[in-house]
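Residue-level listing of the chains:
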Amino acid sequence: MGLKKLRLMAFLGLLLIWGSSVSSLAQGVDRSLRVVVSKENKLTTLTSDDLNRIFLGKKTLWDSGTRIVPAMPEEESPAGELFLSGTLKKSVAQFRSYWKRLLFSGGGTVPKVFRSSSQLMDFVARTPGGIAVVEASGVDDRVKVLEISN
Amino acid sequence: MKRLAVFTALALAFLPSAGAQEMADRIVINGYTNFEFSKQLSKDGDGDKKGSFDADQFDLVFNITVSERVRAALDLSWEHGTATEDGRGNQAVEYGFVEYAVSDKLKLRFGKMFTPFGVFNEIHTAKPAFLTVKEAASLNKNDRIVEGGFLFYPRWGAGIAAHGDGVVGGKDVSYDVLVANGEQEEANPFEEDENTSKSLTARVRVNATENLRLGYSFYRDRLSSPSFTTLQSHGFEVELDLARIRVLAEVAFGSLGLAAGGSQRQLGWYIQPSIHLKKGWTPYLRLDKINPNRDLSETGGRDFILGVNVEISKNFQLKVENNAFKGGTRSSLAQYKGRGYHELKAALVLGF
């Protein structure tokens, strides 16, 4: 391998490392959003890493063995974009691209998407393994709000 | 899509409402379709000289949650306007398997699956899942570039697999292992093995940082062919995914054991940078190279792709690209002027 090729590869490598180290938005969930689960769920806190893994299909079972069923507002709604960019650190396009790969290769199902907070509340209230990200103003007493830790 | 919606609505209408809701929660139906056009732009070459429309693909993807730990997944595919009466097109089970989740770190799968090697194989039919019109030929269908090579792995396998996601040293890690019959000379590989040796595929992926994913894949099988003895491949993948810029690259090394002695050593690689602009426009490049025999010179070739992917509306994409194929002086493209040709490819793709 020639010196020029080695230099080019080293440059590309450095570019990759630089690019990947560019930090994104802060950890956690924006204050205007809440993470809610069914009242049957015994959990009271969840780490932001686990929340990420749930919405990226990497964590699919609660400790109790119940299947996790995630739900969220529409990706392009203000609440949806806030959740994707602030918590999952993905743009709408990145999120869709990620899930298309996973879904169509048989890896799992995309988080359910609802148009309104009341639909999200209905869903979580009737789904024992349900978890949803919802606007704080839309939370009612049929569900339990989780504390998210870093 | 409309018929499917009507069918589902009717099915649900005849169930008690609670039962209908439970069924809707347990059975999720998705799918995708792909309509293509290709036209060779050069006078001579291996492309589509007349220009053709292709009703390439219509797939339905089912995910059925049977219980808390058991899930079934199925992809039914109709290709090229399937008409069995005329012997046209193809219909197939792309994958059909049952998954038992012991935990998130260990999910066991049984059935027919895509071979979990590299980035493209498991999504090679799912055109909405990638930017370009076709998957990277260097690793998945290298005869589209030049002849004389072999597949690094069979695209499907019937057998037992394990998949898991976890955290190691603070990094997200996932793995896949598939033990399958492997490719067969005569028998249906999804029904019968022609020898006692099972094929082994393994893949591990690590999220090195939030934006950088690395992966390694391995495939090995002993073959029952009178001409070939073994197939072994190693693959490495890198994906850098920034907010707008994305770079995807893979390299694979393959070795096909020859019954006459020795082996054919093959190398394939590609690099695909893209930039996501506003209003869903994503221009991309891909340099796809295959060297079907590393012990011979000038037998390889490349496909240099320059294109754009436009998301017209949610999950509905238009893709247009030029493919510049070129081969070495001893490749199957050597007969053409400049040892290559250009081909226009376009597609309308919908995921749902």
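Located above this text is the structure these notes cover.
Residues numbered from 1 in each chain as written. Chains lettered and ligands numbered in written order. Predicted model: local features only at pLDDT ≥ 70, side-chain atom pairs only at ≥ 80, totals over all residues. Heavy atoms only, no water.

Regarding the overall build of chain A
Working step 1: Of regular secondary structure, chain A possesses five helices and six strands.
Working step 2: In sequence order, the secondary structure elements of chain A are arranged as α-β-β-α-β-α-α-β-α-β-β.
Working step 3: Of all 150 residues assigned to chain A, the portion counted as buried reaches 47%.
Working step 4: Total accessible area computed for chain A in this model is approximately 7600 Å², and 56% of it derives from carbon and sulfur atoms. (Helix = DSSP H or I, 4+ residues; strand = E, 2+ residues; numbered from the N terminus. Buried < 20%, exposed > 50% of the residue type's maximum accessible area, 1.4 Å probe, protein only. Areas by Shrake-Rupley, 256 points an atom, 1.4 Å probe, with all protein chains shown as cover.)

Focus: the overall build of chain B
Working step 1: If you tally the helices and strands in chain B, you get three helices and 16 strands.
Working step 2: Scaling as 2.2 N^0.38, a compact globule of 352 residues should have a C-alpha radius of gyration of about 20 Å, and chain B matches this with 21 Å.
Working step 3: Considering only C-alpha atoms, chain B reaches an extent of 70 × 55 × 50 Å along its principal axes.
Working step 4: Here chain B holds 352 residues, and 47% of them are scored as buried.
Working step 5: By sequence separation, contacts in chain B at least 24 residues apart represent 52% of the contacts at least 6 residues apart. (Rg over C-alpha atoms; globule rule 2.2 N^0.38 Å. Contact = heavy atoms within 4.5 Å.)

So, the sheet that holds strand β1 (residues 33-38) of chain A
Sheet strands line up and pair through hydrogen bonds in the backbone, either parallel or antiparallel.
Residue and element names in this part refer to chain A.
Working step 1: The six strands are arranged β2-β6-β1-β5-β3-β4 in an open sheet whose pairing can be described as mixed. Looking at strand neighbours, the two that pair on one side only are β2 (45-47) and β4 (112-114), the edges of this open sheet. The mean angle between the axes of side-by-side strands here comes to 35 degrees, regardless of whether they run parallel or antiparallel.
Working step 2: Looking at chain direction, β1 and strand β6 (residues 143-149) are connected through four bridges and run antiparallel. If you follow V37 over to β6, its bridge partner there is K144.
Working step 3: Here helix α5 (residues 117-126) sits on the sheet in contact with β1, β3 (69-73), β4, β5 (130-135) and β6, set at roughly 160 degrees to β5. (Pairing = 2+ DSSP bridges. Axes fitted to C-alpha atoms, helices over the stretch in contact; angles between N-to-C directions.)

Here's the deal with the environment of L306(B)
Residue and element names in this part refer to chain B.
Working step 1: Positionally, L306 belongs in strand β14 (residues 301-313).
Working step 2: On a C-alpha basis, the gap between L306 and P283 in space is 7.8 Å, while along the polypeptide they are 23 residues apart.
Working step 3: Ignoring any residue separated from it by four or fewer positions in sequence, one finds L306 in contact with Y284, L285, V320, E321 and N322.

A few points about the interface of chain B and chain A
Working step 1: Taken together, the 54 residues of chain B in the interface contact 34 residues of chain A.
Working step 2: At the boundary of chain B with chain A, total buried surface from both sides reaches about 3500 Å², with 47% on carbon and sulfur atoms.
Working step 3: It is E68(B), D104(B) and E210(B) in chain B that bury the most area against chain A; as a group they hold 15% of the surface buried on that side.
Working step 4: Taken together, the links from chain B to chain A amount to six salt bridges.
Working step 5: For D172(B), the salt bridge goes to K58(A), with nearest N and O atoms at 3.2 Å. (Buried area = accessible area lost by both parts, 1.4 Å probe. Salt bridge = Lys/Arg side-chain N within 4 Å of Asp/Glu carboxyl O.)

So, the pairing of strand β2 (residues 52-65) of chain B
Residue and element names in this part refer to chain B.
Working step 1: The pairing of strand β1 (residues 27-40) with β2 spans 11 bridges and is classified as antiparallel. Within β2, the residue paired with F37 across the bridge is F53.
Working step 2: Pairing of β2 with strand β3 (residues 70-83) involves nine bridges; the strand directions are antiparallel. Each residue of the ladder has a partner; that of N63, found in β3, is A73.
Working step 3: Two successive antiparallel strands, β2 and β3, enclose a turn made up of four residues.

A short note on unusual backbone geometry
Working step 1: Of note, the phi angle at K89(A) is positive, near 60 degrees, even though the residue is not glycine.
Working step 2: Mapped onto the elements, K89(A) comes out in the loop between α3 (78-88) and α4 (92-104).
Working step 3: Judged by relative accessible area, which is 16%, K89(A) ranks as buried.
Working step 4: Although it is not a glycine, N315(B) sits at a positive phi angle of roughly 65 degrees.

Side note on the side chain of N315(B)
Working step 1: Along the chain, N315(B) turns up in the loop between β14 and β15 (316-327).
Working step 2: Judged by relative accessible area, N315(B) falls into the buried class, the value being 15%.
Working step 3: When residues no more than four places from it in sequence are discounted, the contact partners of N315(B) are R96(A), K100(A), V349(B), L350(B) and G351(B).

Focus on α4(A)
All names here are of chain A.
Working step 1: Along its 13 residues, α4 runs 18 Å from first to last C-alpha, staying within 8% of the 18 Å computed at 1.5 Å per residue.
Working step 2: A large share of α4 lies buried, amounting to 10 of its 13 residues.
Working step 3: Within the span of α4, buried status applies to V92, Q94, F95, R96, S97, W99, K100, R101, L103 and F104.
Working step 4: The positive-phi residue at the C-terminal boundary of α4 is G106, with phi of around 90 degrees. (Expected span 1.5 Å × (residues − 1).)

Concerning the nonpolar core
Working step 1: Grouped together as the largest cluster of nonpolar side chains are 39 residues, with contacts concentrated most on F120(B) and Y270(B).
Working step 2: Of all the secondary-structure elements, those providing two or more residues to this core are α4 of chain A together with β4 (88-103), β5 (106-114), α3 (137-140), β7 (171-180) and β11 (245-258) of chain B.
Working step 3: Among the elements that line this core, the one with the most residues is β11(B), at three residues.
Working step 4: Each residue touching Y270(B), except ones within four places of it in the same chain, is listed here: V119(B), F120(B), A136(B), S138(B), L139(B), L248(B), A249(B), E250(B), R286(B), L287(B) and D288(B).
Working step 5: In terms of nonpolar packing, the next biggest core, distinct from the first, is built from 21 residues, A79(A), F83(A), F95(A) and L146(A) among them. (Core = buried A, V, L, I, M, F, W, Y, C linked by side-chain atoms within 4.5 Å.)

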